[in-house]
Amino acid sequence: MGLLDILLGRTKPVAPDLDQLFALPSAAVTLEAAAGFTPTGDGAVCFATVEGAAFEQTYREVRALLDADAERKGPGVEIRQDEYGYSWLVSRRGPDQLPELVNDLHAVNSSLEASGFGPQLLCSLAVFAGEGGRKLALVYLYKRGSFYPFAPLPGGGERRDGALELEVKVMLASDLRIEPDLGRWFPVWGAPGL
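Residues numbered from 1 in each chain as written. Predicted model: local features only at pLDDT ≥ 70, side-chain atom pairs only at ≥ 80, totals over all residues. Heavy atoms only, no water.

(A) Molecular detail of helix H3 (residues 53–67). End to end, H3 covers 21 Å across 15 residues, agreeing with the expected 21 Å (1.5 Å per residue, within 8%). What H3 keeps buried is the set Phe55, Thr58, Tyr59, Val62 and Leu66. Each buried residue of H3 lies within a common arc of 100° when the element is viewed along its axis, so the set occupies one face. (Helix = DSSP H or I, 4+ residues; strand = E, 2+ residues; numbered from the N terminus. Expected span 1.5 Å × (residues − 1). Buried < 20%, exposed > 50% of the residue type's maximum accessible area, 1.4 Å probe, protein only. Arc of directions from axis to C-beta.)

Here it is, written out as structure tokens:
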């Protein structure tokens, strides 16, 4: 940043820090103790849909890497496209395998980034379940290097539990780098596992 940037109030964008994902297991302990939400074993990486042979090769490599894990309790890795045109690389693990799920999410992000697809990466999420089937996702914003909670209300429709999201923000403030700009807490309707 130069002097002109400082005078005009421009800030340098936050660089992605994929190692922030490794804070999820400790945040999960806090989340369970404070709010009763436990990991479901579902997680996903969202990116702008990419076509072409280079992406197909990267996807095959990522899938081979993740499917080779003999410890996997879930059905494995798959790619899905949502109704908004975004792609999700989905990993499913057992509910007791959150550290392994985090490793999967980190590996997917790192592989896509190393193959030149970093600009297409949007977010990653891990899904948690609470009483009465309530769902909550901890969403990692790739381009911001921060997390935010997303809590869709049960019963269908595109409604979210803003009060719960703000409670979780306070609960996890010492465990995760929480996104301070609430305007960037984008809804991830139809995300895998939610």
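From this point, the narrative continues.
(B) Examining the packing of aromatic side chains more closely. A complete count under the given rule lists 6 aromatic pairs for this structure. Aromatic pair Phe47 and Phe55: ring centres 5.4 Å apart, planes at 50°, arrangement tilted. Relative accessible area serves as the criterion here: at 2%, Phe47 is assigned to the buried category. Between Phe150 and Trp189, the ring centres sit 5.2 Å apart and the planes meet at 75°, which makes this aromatic pair edge-to-face. Within this pair, whereas Phe150 is found in strand S6 (residues 146–150), its partner Trp189 is found in the segment after helix H5 (162–171), the two being separated by 39 residues in sequence. Neither Phe150 nor Trp189 differs from the other in exposure class; each is buried. Cluster of aromatic residues (ring-pair linked, three or more members): Phe47, Phe55, Tyr59 and Phe117. (Phe/Tyr/Trp six-rings, centres within 6.5 Å; stacked < 30°, edge-to-face > 60°.)

(C) Looking closely at the side chain of Asp82. Looking at where Asp82 falls in the secondary structure, it is placed in the loop between strand S2 (76–81) and strand S3 (86–92). Despite being buried, Asp82 has no salt bridge partner; Arg80 is the closest side chain of opposite charge, sitting 7.6 Å away. (Lys, Arg positive; Asp, Glu negative; His and termini not counted. Salt bridge = Lys/Arg side-chain N within 4 Å of Asp/Glu carboxyl O.)

(D) Looking closely at the pattern of salt bridges. Taken as a whole, this structure holds 8 salt bridges when the rule is applied. Asp17 is the salt-bridge partner of Arg177, the closest N and O atoms lying 3.8 Å from each other. Taken together, the positions of Arg177 in the segment after H5 and Asp17 in the loop between helix H1 (3–8) and helix H2 (24–35) put the pair 160 residues apart, joining distant regions of the chain. The partly exposed category is assigned to Asp17, whose relative accessible area is 24%. With a closest N to O distance of 3.6 Å, Asp181 and Arg184 form a salt bridge. Residue classification places Asp181 among the partly exposed residues on the basis of a relative accessible area of 34%. Assessed through its relative accessible area of 32%, Arg184 is described here as partly exposed. A cluster of three or more residues bridged by salt bridges with shared partners is formed by Asp42, Glu78 and Arg92.

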